[in-house]
Amino acid sequence: MTGPGGIAVPDDDGLLASLRYLFADIIGDEDDGPPLLPDACPEHLGPVVSDAIQLLTTYQSASYASLYIDRLKRFVGRRGVDDTLLADIARLMAQRMAYEDAIRIAQLKLGEVNEAGGALAARSADDVKKFRLDELIDALPAIVADPVLGALDRLGWLRKNVSIRFSANNRFSVRRLRIEAGLKRWRLFSVRYAKERIWVERWLHMIDRSLTKQPAAAMAIIETATMIQGYGDPYRQGIADWHVIIDALAKPVFDGTLALPDLAGAIAEARAAIMPDPRQSSLKRKIAEIRARVPQA
């Protein structure tokens, strides 16, 4: 399914599932507790999925963990999805759904305090993280974020780096961490969450298309999730590079407009050409070389 500007968006089933769990989380519908493992889930995969459920319940809520299970069920027992493929989907999807934002970093820092039993002397050193200004604004709902982002864009400040200190060295700092971590309730209203939801659904959609159109490339598609990590400039670079590879190689192959028999090899070759360059010159040049080698009809 394609939205404005040719950007693929989740199909109706994926979007409805995301919205269903979003509203469950907003209204606090947690009566059923954390979700259970899918019935057909291989026994050896149990610990991976159980860890993911615990992670996502802590990260957001039981409803959010249920969304994870709902997404995973699309591939449990599916033909062509062996245990290795399913394990990688389960592991990488959990990592991407627990994306790093300021709220998450506050949660982790606060977790250090709890593990230390609240003893100030046992707490770790301060962590100073660099975020992009637009990334911090993306943590707000669109109705608030959009005009602010527009103003920052006009000033040329969108990519400006901002350092934030996450400290647990005194009671005031711990109190601030608790306030920041408590903002997770509002995360699902944010611009960032909307973008992450669309990305995960598109990633799953590309895995699905690969299993149908070119099964040998499915693992390569799954592993593209590792391109996107962290926060700040590296995160934005990873997202941009991912979309270039998917839009220029994977999607045309699945659409039948690019006769590329070894998509997995092409993705590996393109990823090897990635440089920390906002213009993506090396990556785009390599993709052009790959496409130029394809025999013309």
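Our structure's up above, just so we're on the same page.
Because the structure is predicted, anything quoted here is derived from the model rather than measured.

Cut-offs and rules
- Residues numbered from 1 in each chain as written.
- Predicted model: local features only at pLDDT ≥ 70, side-chain atom pairs only at ≥ 80, totals over all residues.
- Heavy atoms only, no water.
- Patch = residues over 30% accessible without salt bridge, like charges linked within 9 Å, V, L, I, M, F, W, Y side chains within 5 Å.
- Areas by Shrake-Rupley, 256 points an atom, 1.4 Å probe, with all protein chains shown as cover.
- Salt bridge = Lys/Arg side-chain N within 4 Å of Asp/Glu carboxyl O.
- Helix = DSSP H or I, 4+ residues; strand = E, 2+ residues; numbered from the N terminus.
- 1 Å grid on protein atoms, 1.4 Å probe; cavity = no way out; pocket = protein on both sides within 12 Å on 5 of 7 lines; lining within 4 Å.
- Points joined across faces, edges and corners; volume = space filled by probe spheres on them.
- Nonpolar A, V, L, I, M, F, W, Y, C, P; charged D, E, K, R; others polar.
- Phe/Tyr/Trp six-rings, centres within 6.5 Å; stacked < 30°, edge-to-face > 60°.
- Buried < 20%, exposed > 50% of the residue type's maximum accessible area, 1.4 Å probe, protein only.
- Lys NZ or Arg CZ within 6 Å of the ring centre and 35° of its normal.

A. Quick peek at a nonpolar patch on the surface. A contiguous nonpolar surface patch, about 330 Å² in accessible area, is contributed by Leu140, Ile143, Val144 and Val148. Relative to the assigned elements, Ile143 resides in helix H7 (residues 142-155).

B. Structural detail: empty space enclosed by the protein. In this structure the tally under the stated criterion is two cavities of 30 Å³ or more. Looking at the largest cavity, its volume works out to about 40 Å³. Taken together, Tyr64, Arg71, Arg96, Met97, Tyr99, Tyr193, Glu196, Arg197 and Val200 make up the full set of residues lining the largest cavity. Tallying contributions element by element places helix H9 (residues 191-213) first for the lining of the largest cavity, with four residues. In the lining of the largest cavity, the residues fall into five nonpolar, no polar and four charged.

C. Up close: the packing of aromatic side chains. Going through the model one piece at a time under the given rule, you end up with eight aromatic pairs. A centroid spacing of 5.7 Å and a plane angle of 15° characterise the contact between Trp199 and Trp203, whose relative ring orientation is stacked. Taken as a pair, Trp199 and Trp203 lie in helix H9 at a separation of four residues, close to a single helical turn. Given a relative accessible area of 3%, Trp199 falls into the buried group. Residue Trp203 is classed as buried on the basis of its relative accessible area, which comes to 0%. Through successive ring pairs, a cluster of aromatic residues spans Tyr59, Tyr64, Tyr99 and Tyr193. Directly above the ring of Tyr59 sits Arg187, whose terminal nitrogen or CZ lies 3.8 Å from the centroid. Here the basic side chain of Arg192 rests over the ring of Tyr235, its NZ or CZ set 4.2 Å away from the ring centre.

D. Region of interest: the pattern of salt bridges. Inspection of every chain in the model, using the stated rule, returns 24 salt bridges. One salt bridge in this structure joins Glu112 and Lys109, with 3.4 Å as the shortest N-O distance. Separated by three residues within a single helix, Glu112 and Lys109 lie in helix H5 (residues 102-115), roughly one turn from each other. Using a relative accessible area of 30% as the deciding quantity, one classes Glu112 as partly exposed. The partner of Lys286 in a salt bridge is Glu289, and the shortest N-O contact between them spans 3.1 Å. Of this pair, Lys286 and Glu289 are both found in helix H13 (residues 281-292), three residues apart, which corresponds to roughly one turn of the helix. Salt bridges linked by common partners bring Arg132, Asp134, Asp138, Lys195, Asp233 and Arg236 together as one network.

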